[in-house]
Amino acid sequence: MALWGGRFTSSPAEAVFALSRSIEFDWRLAPYDLRASLAHLMVLEKAKLISSTDAQLIRKSLRELQDEIAQGTFLPAPEDEDVHSALERGLTAKLGATGGALRAGRSRNDQVATDLRLFSLDHMLHIANLVTDLQRAIVAKAGEYVDAPAPGFTHLQHAQPVSFGHELLKHAHALDRDVARIKDWHARSSFSPLGAGALAGSSLHLDPEGVASDLGFTAAIANSIDAVSDRDFVAEALFVLAMIGSHLSRMGEEWCLWASTEFGWAKIDDAFATGSSIMPQKKNPDIAELARGKAGRLIGNLTAVLSMLKGLPFAYNRDLQEDKEPLFDSIDTLNLVLPAFTGMVTTTVFDREKMSASAPTGFSLATEIADYLVRAGVPFAQAHEAAGKCVHTCESEKKELHQLTDSQFTQIHPLLQADVRDVLTVDGALRSRTTFGGTAPANVRSQIGALEGLISSNASWIAGESQRFSGMMGA
Ligand code: ARG
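Below, the structure is looked at part by part. (Residues numbered from 1 in each chain as written. Predicted model: local features only at pLDDT ≥ 70, side-chain atom pairs only at ≥ 80, totals over all residues. Heavy atoms only, no water.)

### Details of the side chain of Asp80
For clarity, the threshold we go by: Here a strand is any run of E in DSSP of at least two residues, a helix any run of H or I of at least four, and the numbering for each starts at the N terminus. For every residue, the accessible area obtained with a 1.4 Å probe (protein chains only) is divided by the maximum for its type, and the residue is called buried under 20%, exposed over 50%, and partly exposed between those limits. Residues adjacent in sequence count toward polar contacts only when both atoms are side-chain atoms; beyond that, a polar contact is any pair of N or O atoms within 3.5 Å, and within protein one must be able to donate a hydrogen and the other to accept it.
Relative to the helices and strands, Asp80 is located in the loop between helix H4 (52-71) and helix H5 (83-95). Judged by its relative accessible area of 0%, Asp80 is buried. Among the polar contacts made by the side chain of Asp80, one reaches the side chain of Arg89 at a distance of 2.7 Å.

Encoded structure:
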């Protein structure tokens with residue numbers, strides 16, 4: 001059903017209708033659209049633009065539609081252009097001409113912007129919840145391996161030994177910033193466009209502030225043209241989702257490496273791995289790979305919306321209809337990836353012996369020799385040179401650092417005494433890294449405590465905000 005007609009002599013050509021139709025993807029906004037309609041109805045009634053008898057009837061029909069949509073008995077029809085026209089068809093079918101009364105003072109332009117904000121606020125909270133679940137899984141896993149030494153890497157080369165718990169925990173910190181980004185985005189996006197009409201506001205005595213608070217928003221948007229034309233809340237949400245995707249992708253890459261035969265550190269649980277159709281011995285880290293692969297579409301969706309927005313003049317342009325699919329896709333993607341990834345993290349078992357045996361290899365304790373000399377008063381550049389010579393000698397004699405003889409040490413530097421071997425242990429190296437944020441197991445334990453605090457305060461924020469938007473959770 002077209003929502004215009006008066007000034008047209010013909011309906012849109014079939015190709016035009018096919019191009020402009022958005023119902024295939026915007027139908028999932030229906031619960032939000034109905035909720036916004038109930039708020040709009042309230043102000044029309046208050047302003048006495050709709051009699052209370054009609055308002056009663058319309059309210060009842062909107063609620064019926066809510067139920068019918070939830071039960072799947074009211075569905076889009078081939079002639080519906082978008083979710084707004086489909087719902088007006090539903091209302092008119094129930095009420096006849098009275099069904100069209102709700103259109104007073106509002107346009108699809110402010111309607112769709114409102115629906116999409118409600119949808120995003122609701123769904124971003126859900127994503128924040130899933131991210132906190134993953135953080136909890138990472139923190140719990142890190143807790144199991146605080147005392148497990150492993151090689152730490154830079155450039156994918158052994159660098160210095162670290163606590164494997166510390167290595168895992170870095171991801172929980174990154175995800176904490178993602179949740180903080182959602183909170184921050186949420187505060188900035190919780191404003192209502194409803195009441196902006198097509199672009200200029202309304203001559204009817206509507207109450208955008210009242211509608212905003214009825215819908216759970218912080219306030220109404222201060223400029224009606226901005227209200228209908230802005231989609232930076234979509235672009236920003238897509239950035240946050242892409243950032244989460246990029247964090248998952250980095251984690252996925254590490255899981256793939258750790259599960260490889262070459263590393264052999266991680267045993268992924270059977271329920272979170274897949275097999276090969278031809279090679280019976282294979283156990284593949286597909287969840288980790290999909291997490292890595294799907295980062296591509298998350299970044300693509302952000303790029304699509306930014307490119308679509310960049311040249312749009314003035315108020316509403318139909319280009320804006322292209323905001324929805326990328327947003328829906330990014331949300332759907334993370335809704336799939338996050339729980340699977342969390343399950344994989346929880347059930348992966350790491351090989352302590354293997355990690356620990358490989359921790360001192362690759363001369364990863366060379367920095368300890370340099371630091372030993374610095375403590376003895378040697379300037380770092382000279383200390384670095386001496387430690388480098390130790391590595392060189394070991395390489396040519398196929399030895400580990402602690403296997404150098406006393407005289408080899410003193411020949412390289414007179415202050416390198418036999419007790420240098422005391423610092424050439426993985427445990428000593430780990431325990432000595434006590435700077436704030438460092439890898440000493442005691443520090444890692446306090447990092448875990450701090451993270452647990454952050455996670456639970458985020459979880460209570462999510463619970464509080466979800467209540468604010470309760471009642472319209474739907475699609
Ligand atoms: N389906 C449209 C969208 O998503 C609704 C707004 C249509 N507005 C208009 N002026 N044609 O943007």
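Further notes follow.
### A few points about the site of the ligand
Our working definition: Any residue with a heavy atom positioned within 4 Å of a molecule or strand is treated as near that molecule or strand. Reported accessibility uses the Shrake-Rupley method at a 1.4 Å probe radius. Residues are deemed covered only where the shown protein chains occlude them. Here the term charged refers only to Asp, Glu, Lys and Arg, the term nonpolar to Ala, Val, Leu, Ile, Met, Phe, Trp, Tyr, Cys and Pro, and the term polar to all other amino acids, Gly among them.
Surveying the vicinity of the ligand reveals the residues Ser22, Asp82, His84, Arg108, Asn109, Val112, Tyr316, Arg318, Gln321 and Lys324. One of the side-chain N or O atoms of Asp82 is found 3.1 Å from a nitrogen atom in the ligand. Within the side chain of Gln321, a nitrogen or oxygen atom sits 2.8 Å from a nitrogen atom of the ligand. If the ligand stood free it would expose 340 Å²; the protein chains cover 87% of that surface. In terms of residue count, helix H6 (residues 108-144) provides more of the shell around the ligand than any other element does, three residues in total. In terms of residue class, the shell around the ligand is made up of two nonpolar, four polar and four charged.

### So, the environment of Ala291
Take Ala291: it is sitting in helix H11 (residues 286-309). Sequence separation of Ala291 and Ile50 is 241 residues, and the distance between their C-alpha atoms is 52 Å.

### Quick look at the packing of H4 against H5
Working note: a packed helix pair is described by the angle between its axes plus the distance between those axes. How we decide: Orientation is described by lines fitted to C-alpha atoms, with helices fitted over the stretch in contact, and by angles between N-to-C directions that extend from 0 to 180 degrees. We call two directions roughly parallel when the angle between them is under 35 degrees, roughly antiparallel when it is over 145, roughly perpendicular when it lies between 65 and 115, and oblique otherwise. Crossings are sorted by hand: turned counterclockwise from the far helix by less than a right angle, the near helix makes the crossing left-handed, and turned clockwise it makes it right-handed. Between two residues, a contact is recorded if the distance between any of their heavy atoms is within 4.5 Å.
Running from N to C, H4 and H5 cross one another at 125°; their axes reach a closest spacing of 10 Å. Looking at the two axes, H4 sits oblique to H5. Relative to H5, the crossing made by H4 is right-handed. On H5, the residues that touch Leu57, Ile58, Ser61, Leu62, Glu64, Leu65, Glu68 and Ile69 of H4 are Leu87, Gly90, Leu91, Lys94 and Leu95.

### Notes on the pairing of strand S1 (residues 149-154)
What counts, and what does not: The criterion for strand pairing is that DSSP finds at least two bridges linking the strands in question.
In this sheet, strand S2 (residues 157-163) lies alongside S1 in antiparallel orientation, the contact comprising six bridges. The partner of Thr154 across the bridge, within S2, is Gln157. Connecting the antiparallel pair S1 and S2 is a turn made up of two residues, with His155 showing a positive phi of about 55°.

### Here we look at the pattern of salt bridges
Threshold: Take a side-chain nitrogen of Lys or Arg and a carboxyl oxygen of Asp or Glu: if they are within 4 Å of each other, that pair is a salt bridge.
Applying the stated criterion across every chain yields a total of 30 salt bridges. We note a salt bridge from Glu68 to Lys94, for which the minimum N-O separation is 2.7 Å. Taken as a pair, Glu68 in helix H4 and Lys94 in helix H5 lie far apart in primary sequence, 26 residues in all. Look at Glu68 and you get partly exposed, because its relative accessible area is 22%. Owing to a relative accessible area of 31%, Lys94 belongs among the partly exposed residues under this scheme. As a salt-bridge pair, Asp323 and Arg231 come within 2.6 Å of each other at their nearest N and O atoms. On the criterion of sequence distance, the pair formed by Asp323 in the loop between H11 and helix H12 (324-347) and Arg231 in the loop between helix H9 (224-229) and helix H10 (232-259) is long-range, its members being 92 residues apart. Judged on exposure class, the residue Asp323 and its partner Arg231 are both buried.

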